Amino acid sequence: MAVFQLPSLSPEIPFRFTPTPLKFSNRRRINFFRPLSATDDSRSGAPDPESPNQMFILGMGFVGGFFAQQLKESDWVVSGTCRSDSKKKEWEKRGINLHPFSADSPEWSLLDSVKDYTHLLISIPPLADIGDPMLRNVELVRDKLSSGNLRWLCYLSSTSVYGDCGGAWVNENHLPNPKTQSAKVRLAAEQGWLSLGRDLGVSTQILRLGGIYGPGRSAIDTLLKQERLSEGQKRRASRKFTSRVHVEDICQVLKAATEKPASGEIYNIVDDDPAAREEVFEYALELIEKRWPGNITTKPFPFLYESREESSLRGEKRVCNERMKDKLGVKLLYPWYKSGLQSIVENMDNRF
Ligand SMILES: NC(=O)c1ccc[n+]([C@@H]2O[C@H](COP(=O)([O-])OP(=O)(O)OC[C@H]3O[C@@H](n4cnc5c(N)ncnc54)[C@H](OP(=O)(O)O)[C@@H]3O)[C@@H](O)[C@H]2O)c1
């Protein structure tokens, strides 16, 4: 399988991506530095009104970046936001124009650009004190978007909204019961975007994501960078069940969601195997040792153990992905962490 090396967004973060055949139309090899086409937002200032496929990504982060790259490859017009000049310049080199947007000093004129797009992906997390940064000005957002081309929106949420379920399996019918402040504002953001989507009469979907991993962000990368785990990470490691999902699978789901619009549908987006983080790190270490024996000197073990209170605040649960498979027809590329980590290691250059 061909392996592409994306230009790194930051000198210390290798951004590697092995494309997997997805059901995109007009799929062709990626040329990250191809000349901009007439439909590129960066050249014309606005997407071509004739194009039915225009994605605006609020928060071009890890998931947004992977998805943008795949969409661009399929001839979508793509734009989005970030907070730094350096990131904007990196993306310009790939033919994608980003708009500066920060929740600290929001530039609301951004909405005049967003409204020209047919699709909107919201990937900016809510802030503990103000909640979702766009929804704090919901009247203006509704007003602007109602006069534009929007017909699809999708909000990237988190399985944290379920709260503690004592390790039971939970599907989307389970009543959310968030305990932490971040999970509470997350649930409020979901509700806000669902309600806005209803008002606008556009397809609206909520994806509740498990822990996201992929090339450049995984237990393998943490070990290779010899990073020490934070206290919080060490504690979370002691949980019996952590749902996770590979970024390529999220991209598959997003693409399927654009092809199967729905009004207010919520999906859990996780793999089939909610395993303990400790187990994942042990397997990652095993893979690294097999490929590059004797190089890891700092191991993130031992993990700390959460008190019962901490554990119930964060929540033990096993998240069920049946709806994603049934309704969106998604077949996971990485149904469990072992296959995901293996592919990450196999596609890495020698790191030592
Ligand atoms: N990481 C996980 O395991 C996980 C699990 C479940 C759900 N989620 C959620 O899923 C979504 C996508 O995850 P991800 O890992 O792709 O996120 P990510 O890499 O952290 O990207 C988040 C994006 O939001 C932007 N952003 C963050 N804070 C902002 C602020 N205050 N004002 C304006 N923009 C802001 C970032 O801007 P810059 O590009 O300038 O940094 C970035 O583009 C996020 O909402 C995340 O919280 C994550």
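See above for the structure.
Small disclaimer: the values here were computed from a predicted structure and weren't measured.

Asker: Help me out: how do you make sense of the overall build of the protein in this one?
Answerer: On a plain count of helices and strands, the protein comes out with 13 helices and 13 strands. The buried share among the 352 residues of the protein stands at 55%. For the protein, long-range pairs separated by at least 24 residues make up 79% of all intrachain contacts whose partners lie at least 6 apart in sequence.

Asker: Even after reading the chapter, I still don't get the pattern of salt bridges, so can you show me in this structure?
Answerer: Where side chains of opposite charge bring their charged atoms close, a pairing between them can arise. Applying the stated rule across the entire model yields eleven salt bridges. Notably, a salt bridge pairs aspartate 116 with lysine 115, separated by 3.6 Å at the nearest N-O pair. Taking the shortest distance from any N to any O, the salt bridge between glutamate 172 and arginine 323 comes out at 3.9 Å. Residue glutamate 172 is found in the loop between β8 (169-170) and α6 (181-200), and its partner arginine 323 is found in helix α12 (residues 322-328); the two are separated by 151 residues along the sequence. Glutamate 172 sits in the buried class, given a relative accessible area of 11%. In this structure arginine 323 comes out as buried when scored by relative accessible area, which is 18%. Overlapping salt bridges, with partners in common, bring together Glu172, Glu265, Arg323 and Lys327 in one network.

Asker: Explanation requested: the site of the ligand in the structure shown.
Answerer: Near the ligand, the surroundings consist of 24 residues, among which Val63, Arg83, Lys87, Arg186 and Arg217 are the closest. In the model, an oxygen atom of the ligand is placed 2.9 Å from a nitrogen or oxygen of the isoleucine 212 main chain. In the complex, 80% of the free accessible area of the ligand, which totals 890 Å², lies under the protein chains. Looking at the shell around the ligand, the elements with two or more residues in it are α2 (62-73), β7 (152-158) and β10 (211-213). Grouping the amino acids of the shell around the ligand by side-chain chemistry returns twelve nonpolar, eight polar and four charged.

Asker: Hey, could you run me through the pairing of strand β6 (residues 119-122) in this one?
Answerer: Burial of β6 is two-sided: the residues His119 and Leu121 facing one way and the residues Leu120 and Ile122 facing the other way are all buried. As defined by bridge partners, strand β3 (residues 54-58) adjoins β6 across four bridges and the pair is classed as parallel. Paired with isoleucine 57 across the bridge in β6 is leucine 121. Note that β6 and β7 share four bridges and pair parallel. Note that in β7 the partner of leucine 120 across the bridge is leucine 153. Handedness of the crossover joining β6 and β7 through helix α5 (residues 138-146): right-handed.

Asker: Looking at this model, I keep getting lost on the environment of glycine 329. Mind explaining?
Answerer: You can see glycine 329 is positioned in the loop between α12 and α13 (337-346). With sequence-adjacent residues up to four places away left out, glycine 329 is seen in contact with Lys260 and Met324.

Asker: What is the right way to read the sheet that holds strand β5 (residues 97-100) from this model?
Answerer: Backbone hydrogen bonds hold the strands of a sheet together, and the pairing may be parallel or antiparallel. The seven strands lie next to each other as β5-β4-β3-β6-β7-β9-β12, forming an open sheet whose pairing is parallel. Looking along the sheet, the strands with just one partner apiece sit at the ends: β5 and β12 (263-269). Geometrically, the sheet is characterised by an average inter-axis angle of 20° between neighbouring strands, direction not taken into account. Relative to β3, α2 is tilted by about 165°, and along the sheet it contacts β3, β4 (77-82), β6 and β7.

Asker: Looking at this structure, I do not really get the packing of aromatic side chains. What am I missing?
Answerer: To describe a pair of aromatic rings, you give the distance between the ring centres and the angle between the ring planes. One pass over the structure, following the stated rule, counts five aromatic pairs. Each ring, one from tyrosine 283 and one from tyrosine 337, has its centre 5.9 Å from the other, and the planes form 80°; the classification is edge-to-face. Linking tyrosine 283 in helix α10 (residues 277-291) with tyrosine 337 in helix α13, this pair joins segments that are 54 residues apart in sequence. A single burial state applies to tyrosine 283 and to tyrosine 337, both of which are buried. Ring centres of tryptophan 336 and tyrosine 337 lie 6.2 Å apart, and the angle between their planes is 55°; on these two criteria the pair is classed as tilted. Members of the aromatic cluster, joined through ring pairs, are Tyr283, Trp336 and Tyr337. Sitting above the plane of the phenylalanine 241 ring, arginine 318 keeps its charged end 4.5 Å from the centroid.

Rules behind the numbers
- Residues numbered from 1 in each chain as written.
- Predicted model: local features only at pLDDT ≥ 70, side-chain atom pairs only at ≥ 80, totals over all residues.
- Heavy atoms only, no water.
- Helix = DSSP H or I, 4+ residues; strand = E, 2+ residues; numbered from the N terminus.
- Buried < 20%, exposed > 50% of the residue type's maximum accessible area, 1.4 Å probe, protein only.
- Contact = heavy atoms within 4.5 Å.
- Salt bridge = Lys/Arg side-chain N within 4 Å of Asp/Glu carboxyl O.
- Near = heavy atom within 4 Å.
- Polar contact = N/O pair within 3.5 Å; in protein donor to acceptor, adjacent residues only side chain to side chain.
- Areas by Shrake-Rupley, 256 points an atom, 1.4 Å probe, with all protein chains shown as cover.
- Nonpolar A, V, L, I, M, F, W, Y, C, P; charged D, E, K, R; others polar.
- Pairing = 2+ DSSP bridges.
- Right-handed = clockwise from strand over helix to strand, strands pointing away.
- Axes fitted to C-alpha atoms, helices over the stretch in contact; angles between N-to-C directions.
- Phe/Tyr/Trp six-rings, centres within 6.5 Å; stacked < 30°, edge-to-face > 60°.
- Lys NZ or Arg CZ within 6 Å of the ring centre and 35° of its normal.

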